[in-house]
Amino acid sequence: MIKAILIFNNHGKPRLIRFYQYFAEDMQQQIIRETFHLVSKRDDNVCNFLEGGSLIGGSDYKLIYRHYATLYFVFCVDSSESELGILDLIQVFVETLDKCFENVCELDLIFHMDKVHYILQEVVMGGMVLETNMNEIVAQVELQTRMEKSEGGLSAAPARAVSAVKNMNLPEIPRNINIGDINIKVPNLSPF
Amino acid sequence: MTIDTKSYGDVITDCHEREDSNFILVSLRLRMPAPIRLRELIRTIRTARTQAEEREMIQKECAAIRSSFREEDNTYRCRNVAKLLYMHMLGYPAHFGQLECLKLIASQKFTDKRIGYLGAMLLLDERQDVHLLMTNCIKNDLNHSTQYVQGLALCTLGCMGSSEMCRDLAGEVEKLLKTSNSYLRKKAALCAVHVIRKVPELMEMFLPATKNLLSEKNHGVLHTSVVLLTEMCERSPDMLSHFRKLVPQLVRILKNLIMSGYSPEHDVSGISDPFLQVRILRLLRILGRSDDDSSEAMNDILAQVATNTETSKNVGNAILYETVLTIMDIKSESGLRVLAINILGRFLLNNDKNIRYVALTSLLKTVQTDHNAVQRHRSTIVDCLKDLDVSIKRRAMELSFALVNGNNIRGMMKELLYFLDSCDPEFKADCASGVFLAAEKYAPSKRWHIDTIMRVLTTAGSYVRDDSVPNLIQLITNSVEMHAYTVQRLYKALLDDISQQPLVQVSSWCIGEYGDLLVSGQCEEEEPIQVTEDEVLDVLEGLLVSNMSSPVTRGYSLTAIMKLSTRFSGVNRIKKVVSIYGSSIDVELQQRAVEYNALFKKYDHMRPALLERMPIMEKAASNGPTEVAQTNGEAEPSALDSKSLPSVTQPTSQANDLLDLLGGNDVVPVIQTAPPTKLLEESCWTCWGIFLCQVGQFLLLSHPCPSPSPPSCWTALAHSPSLMTSLQLFHR
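One numbering rule holds for all chains: residues counted from 1, following each sequence as written. In the order they appear in the text, chains get letters beginning with A and ligands get numbers beginning with 1. Given that this is a predicted model, residues contribute local features only at a pLDDT of at least 70 and side-chain atom pairs are listed and counted only at 80 or more, while totals for whole chains, interfaces and linings are drawn from all residues. With hydrogens and water stripped out, all remaining heavy atoms of the structure feed into the side-chain values.

Per an unreviewed UniProt entry, chain B goes by AP-1 complex subunit gamma and derives from Aldrovandia affinis. What UniProt states about chain B under its Sequence similarities (unreviewed entry) heading is, verbatim, "Belongs to the adaptor complexes large subunit family." UniProt positions are given in the numbering used here, feature names are shortened, and annotations may be inferred rather than shown by experiment.

For chain A, the name recorded in an unreviewed UniProt entry is AP complex mu/sigma subunit domain-containing protein, with Aldrovandia affinis as its organism. The annotation that UniProt attaches to chain A under Sequence similarities (unreviewed entry) is "Belongs to the adaptor complexes small subunit family."

Structural data, given as structure tokens:
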């Protein structure tokens, strides 16, 4: 089982954290700090496996990490996962991110934290590996994004109303426009 | 779009001011400016230059979000929760958003549900009562018309569902496990794993649904189904035997994966779906573990995978690794096992560190069962001790200790001692303990043993565990013919360096015990050194005053000095030292000095007997003497070694007579076999204290002064810290 997935940059700033086991908030931050501390000390030409720190679990847990440019991808797993398999999984995850974001870089992860979570949700569920086929994952994420877009997305509400106001061509619109909660009554039809 | 930067309220005011004839009636539900977007917030936070600035911005935003939540605004709730989750990731409290997540989950919009479920998974868990409110929502969403909503519900339930939730919703999950929609089926399988983990009794419920899981074409479903089957087999032996019949099917699937040509859909670096292969191999391992028939059925495919897999990329090695583990775990034929170990041996020579690490780990697992096969790779393993990588070094060290046996002890020990010299401090304690254990088991000669111990003490003396000191002392005591050699070497080591406490403690004990051999220059093994009594006392006194000595060490040296009073000719110096320390600030030291002083003054006649040489200690695996002492009238035969040394039975018969007087025939003398660990520092003083309390009177009456050859109980007593307690009884 995967106990936690952490992505942080070379200075230890978290870019994505996902725990599949309950930890209190301050404990989570402590784990991130400790993991960063352990992982940043590592040379570049040593193996990618670390016995985990004392906080995140006893002897059964390992940290498996990969360093891509400015980001560390760390998976904390127990003995039921194959170490080499997890290395491949990290690779698959990063390649999926690359496909979804088109040449993914750290900024993409920073500004689209929610989207990264959604992609991860299609790969790992409840600490177990769900899907490893990159194309499948990308396709599913795409479809869900499209569903969101059709509803207007997270930032939809005022943007649509405002653009409606701006683009209003008064001669053409009907008497009552009902866009969500905003009622705009137009009695006179003259250029705006 | 310039309007973005303005608040919505401003826009409406603009419209008002524009034309007088037109009027725009806007029923605004929004009294405040719209909450900023997630992107805005992130951008703002990134401009913060200090932690304090960031905290300020976040606090401001939290306040805005809180008021927005209070307004029960449906439009912006999803945006606010998204921002809250971002701030939560940075480490700021976000618990006030928990209820909002629930409201989002109940919404009809997919966007709301998506962020709501994510928030629930990140912020909630079964410890909060709030989470139960989700149950109904999840139930409805599990039956939603849109598969993605169903997927969200399954995901959330599978991540943080509590046992109550799982019990309520298991039926829905089971239904979805039988659906033909592969997207949902694979999620339902993992959700079922979570349910089984939370509520193991529900495992039977999922059994019928597993019937045709393996006939799926979709690899995602296959993968998660194998995970589900693995979980069920691991939890219940009944399930395990039930699923054994699936072995042929699993073998077939694996064969197809290997033999099928290039399949672009599942290809990873030239291998067809390596993740699924690894999963199946793991399940085969569990199924074949103690079953001959299943193991037999797997032999061929395992051999095939082992020989056909490409090893140039990591994926190939991952499969090979899993194959090796499976071969070692099931009842495979010997040819296959040799093949597996050879693959591991090849891994050891691989340039890739990860592969080497993984090989060492698996060799460690197999060294117990296939010792000889692993021995063949000993030299490679020992080479790994010199690797730069900390993880590899640790594994190599553990494996090296496992490989040590009577034949290779000399060579291995050389390597391990070299490793001890040069390794990081974090390894030294474990390595030292390992060396001691190995030396004890396989030492070819006593001299070699003592040399090895000396080497460890001098190179890694400060990392040696505390309990090794008594063990070492016992070892030295028992090697009678090596006493002179040992004390000489220890003395020389002390001259060089007094900072390593375990070394100093062992050395001072030995000097105290065998100082006469040292001074008389009786060493046979090597060139005896010339040392005078004064020089020895100089060294011991040096230990007492040095800042580097711990209180325990000081106690050892004071006792050693005292013991030398019977072995050396010049007693005055020792008397002086002892009397000085009678007013030491250290209570322990003071007590000892006072007692030894009393020994000089009032009980000088007893001194030689008390400070006699220690007898050979039997290494009895017995309980502490205190146990026996407390039950002075009752015997604890198991606690004592029956083979008592002949030299001590004679004197102890006197003690026995005394005990008989007390009326306990079955009291077995505790004297001859005290466990070594307790003997030296605490000694049997507790038991003797109690013993003497009761017997003291008799002793005084029947033996006004100790006989020339006193019971060796006195020697034990001599090394006890609080002689006084016992002596006081006689004084009465």
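Once you've had a look at it, read on.
A.B. asks: What's the story with the overall build of chain A in this structure? I'm lost.
C.D. replies: For helices the rule is a DSSP run of H or I covering at least 4 residues; for strands it is a run of E covering at least 2, with both sets numbered from the N terminus onward. Within chain A, the regular secondary structure consists of six helices and nine strands. Buried means the residue's accessible area, taken with a 1.4 Å probe over protein chains only, is under 20% of the maximum for its type, while exposed means over 50%, and partly exposed covers the values in between. Split into buried and exposed, the 192 residues of chain A put 58% on the buried side. We call two residues in contact when some of their heavy atoms are within 4.5 Å. Residue pairs at least 24 apart in sequence account for 46% of intrachain contacts in chain A once pairs closer than 6 positions are excluded. For accessible areas, the Shrake-Rupley method is used with a probe of radius 1.4 Å. Any residue's cover is judged against the shown protein chains and nothing else. Here chain A has roughly 8100 Å² of accessible surface; of this, 49% comes from carbon and sulfur atoms.

A.B. asks: It is not clear to me how the pairing of strand 5 (residues 71-77) of chain A should be interpreted in this structure. Could you clarify?
C.D. replies: Within a regular strand, the side chains alternate between the two sheet faces. Residues and elements named next belong to chain A. In terms of burial, strand 5 is a largely internal element, seven of the seven residues being buried. Side chains Leu 71, Phe 73, Phe 75 and Val 77 of strand 5 all project onto a buried face; the interleaved residues Tyr 72, Val 74 and Cys 76 project onto the opposite face, where all are buried too. Any two strands with at least two DSSP-identified bridges between them are counted as paired. With seven bridges connecting them, strand 1 (residues 2-9) and strand 5 associate as antiparallel partners. Bridge pairing in strand 5 places Asn 9 opposite Leu 71. In terms of strand pairing, strand 4 (residues 62-68) meets strand 5 through seven bridges, oriented antiparallel. Its bridge partner being in strand 5, Ile 64 is matched across the sheet by Phe 75. Linking two consecutive strands that pair antiparallel, namely strand 4 and strand 5, is a turn of two residues; a positive phi of about 50° is found at Ala 69 within it.

A.B. asks: Please explain the environment of Lys 563 of chain B as it appears in this structure.
C.D. replies: Residue and element names in this part refer to chain B. Within the secondary structure layout, Lys 563 lies in helix 29 (residues 551-567). Residue Lys 563 is classed as buried on the basis of its relative accessible area of 2%. Taking the C-alpha atoms as reference points, Lys 563 and Arg 607, separated by 44 residues in sequence, lie 9.1 Å from one another. One polar contact links Lys 563 to Glu 513, side chain to side chain, over a distance of 3.0 Å. Whenever two N or O atoms come within 3.5 Å, that pair is a polar contact, provided that in protein one can donate a hydrogen and the other can accept it, and provided that, for residues adjacent in sequence, both atoms are side-chain atoms.

A.B. asks: Could you clarify how one ought to interpret the packing of aromatic side chains in this entry?
C.D. replies: Each aromatic ring pair is specified by the distance between its two centres and by the angle formed by the two planes. Whether two aromatic rings pair depends on their centres lying within 6.5 Å, for rings of Phe, Tyr and Trp, where Trp uses its six-membered ring; planes under 30 degrees apart make the pair stacked, over 60 edge-to-face, and the rest tilted. On inspection of all chains with the given rule, the structure shows 10 aromatic pairs over all chains. Residues Tyr 148 of chain B and Tyr 183 of chain B carry aromatic rings whose centres are separated by 5.2 Å and whose planes lie at 70° to one another, so their mutual orientation is edge-to-face. Of this pair, Tyr 148 of chain B sits in helix 8 (residues 147-160) while Tyr 183 of chain B sits in helix 10 (residues 182-198), placing them 35 residues apart in sequence. Exposure class is identical for Tyr 148 of chain B and Tyr 183 of chain B. Each is buried. An aromatic cluster is present here, built from Phe 8, Phe 36 and Tyr 72 of chain A joined pairwise through their rings. Definition used: whenever NZ (Lys) or CZ (Arg) falls within 6 Å of the ring centre and also within 35 degrees of the ring normal, the charge is taken to sit over that ring. Across from the ring centre of Phe 101 of chain A, 5.1 Å away, lies the NZ or CZ of Lys 115 of chain A, which sits over that ring. The cationic tip of Arg 66 of chain B hangs over the ring face of Phe 96 of chain B; the distance from NZ or CZ to the ring centre is 4.2 Å.

A.B. asks: What is the right way to look at helix 5 (residues 98-106) of chain B in this model?
C.D. replies: A turn of α-helix holds 3.6 residues, and therefore any two residues three or four places apart point the same way. Buried within helix 5 of chain B are the following residues: Gln 98, Glu 100, Cys 101, Leu 102, Leu 104 and Ile 105 of chain B. On its buried side, helix 5 of chain B packs onto helix 3 (51-70), helix 4 (74-90), helix 6 (110-123) and helix 7 (134-142) of chain B.

A.B. asks: Would you take a moment to explain the interface of chain B and chain A for this structure?
C.D. replies: Interfaces are often sized by the amount of accessible area the parts lose when they come together. Counting residues at the interface gives 79 residues for chain B and 76 residues for chain A. Across the chain B/chain A interface, buried area totals approximately 7600 Å², and carbon plus sulfur atoms make up 60% of it. What counts as buried area is the accessible surface, traced by a 1.4 Å probe, that two parts surrender upon association, with contributions from both included. Counting the surface chain B buries against chain A, the share from its top three residues, Met 89, Arg 114 and Phe 275 of chain B, is 10%. Here the side of chain B that touches chain A takes 10 residues from helix 4 of chain B, the largest share from any one element.

A.B. asks: Teacher, can you tell me more about the sheet that holds strand 5 of chain A here?
C.D. replies: Sheet strands line up and pair through hydrogen bonds in the backbone, either parallel or antiparallel. All names here are of chain A. Taking strand neighbours across the sheet as the criterion, the five strands line up as 2-1-5-4-3 in an open arrangement whose pairing is antiparallel. Of all strands in the sheet, those bounded by a partner on one side alone are strand 2 (14-19) and strand 3 (49-51). Across this sheet, the average inter-strand angle for adjacent strands is 20°, counted without regard to direction. Pairing of strand 1 with strand 2, which is carried by five bridges, proceeds in the antiparallel orientation. Residue pairing across strands places Phe 8 opposite Pro 14, the latter belonging to strand 2. For helices, the axis comes from a line fit to the C-alpha atoms of the stretch in contact; other axes are also lines fit to C-alpha atoms, and the angle between any two N-to-C directions lies between 0 and 180 degrees.

A.B. asks: Help me understand unusual backbone geometry in this model?
C.D. replies: Of all residues except glycine, most have a negative phi; of all peptide bonds, most are trans. Despite not being glycine, Ala 69 of chain A has its phi angle at roughly 50°, a positive value. Examined against the element boundaries, Ala 69 of chain A turns out to sit in the loop between strand 4 and strand 5. Its identity as a non-glycine residue notwithstanding, Asp 273 of chain B has a phi of 40°, on the positive side. Residue placement: Asp 273 of chain B occurs in the loop between strand 3 (271-272) and helix 14 (274-288).

A.B. asks: Any chance you could explain the domain arrangement of chain B here in plain terms?
C.D. replies: Residue and element names in this part refer to chain B. Residue ranges assigned to each domain were obtained from an automatic or database domain assignment. Here chain B is described as being made up of domain 1 (333-403), domain 2 (404-464), domain 3 (466-621) and domain 4 (649-731). Each of domain 1 and domain 2 has a C-alpha centre, and the two are 21 Å apart. On the domain 2 side, the residues contacting the 14 residues of domain 1 number 15 residues. With both chains or domains summed, domain 1 and domain 2 bury close to 1300 Å², and 68% of this area falls on carbon and sulfur atoms. Three residues stand out in domain 1 for area buried against domain 2, namely Arg 394, Met 397 and Phe 401, and they jointly supply 41% of the buried area on that side. In what follows, salt bridge is the name for a side-chain nitrogen of Lys or Arg lying within 4 Å of a carboxyl oxygen of Asp or Glu. Across the contact surface, domain 1 and domain 2 share two salt bridges. When the shortest N-O distance is used, the salt bridge between Glu 415 and Lys 386 registers 3.6 Å. Linking domain 1 with domain 2 are six residue pairs in polar contact (both at pLDDT 80 or more). Among the elements of the structure, helix 19 (371-375), helix 20 (378-384) and helix 21 (390-403) are those that each provide at least two residues to the side of domain 1 that touches domain 2. Tallying contributions element by element places helix 21 first for the side of domain 1 that touches domain 2, with eight residues. Split into classes, the residues belonging to the side of domain 1 that touches domain 2 amount to seven nonpolar, three polar and four charged. Amino acids are sorted into nonpolar (Ala, Val, Leu, Ile, Met, Phe, Trp, Tyr, Cys and Pro), charged (Asp, Glu, Lys and Arg) and polar (every other residue, Gly among them).

A.B. asks: Any chance you could explain helix 1 (residues 25-40) of chain A here in plain terms?
C.D. replies: The length a helix should cover is 1.5 Å for every residue beyond the first. With 16 residues, helix 1 of chain A extends 23 Å from end C-alpha to end C-alpha; this agrees with the ideal 22 Å at 1.5 Å per step. Of all the residues in helix 1 of chain A, the buried ones are Gln 28, Gln 29, Ile 31, Ile 32, Thr 35, Phe 36 and Val 39 of chain A. Buried residues of helix 1 of chain A, viewed axially, fall in a sector of 155°; they line one side. Exposed residues on helix 1 of chain A whose side chains face more than 90 degrees from its buried face are Asp 26 and Arg 33 of chain A. Against the buried residues of helix 1 of chain A lie strand 1, strand 2, strand 3, strand 4 and strand 5 of chain A together with helix 4 of chain B. What the arc measures is the spread of directions leading from the helix axis to the C-beta atoms.

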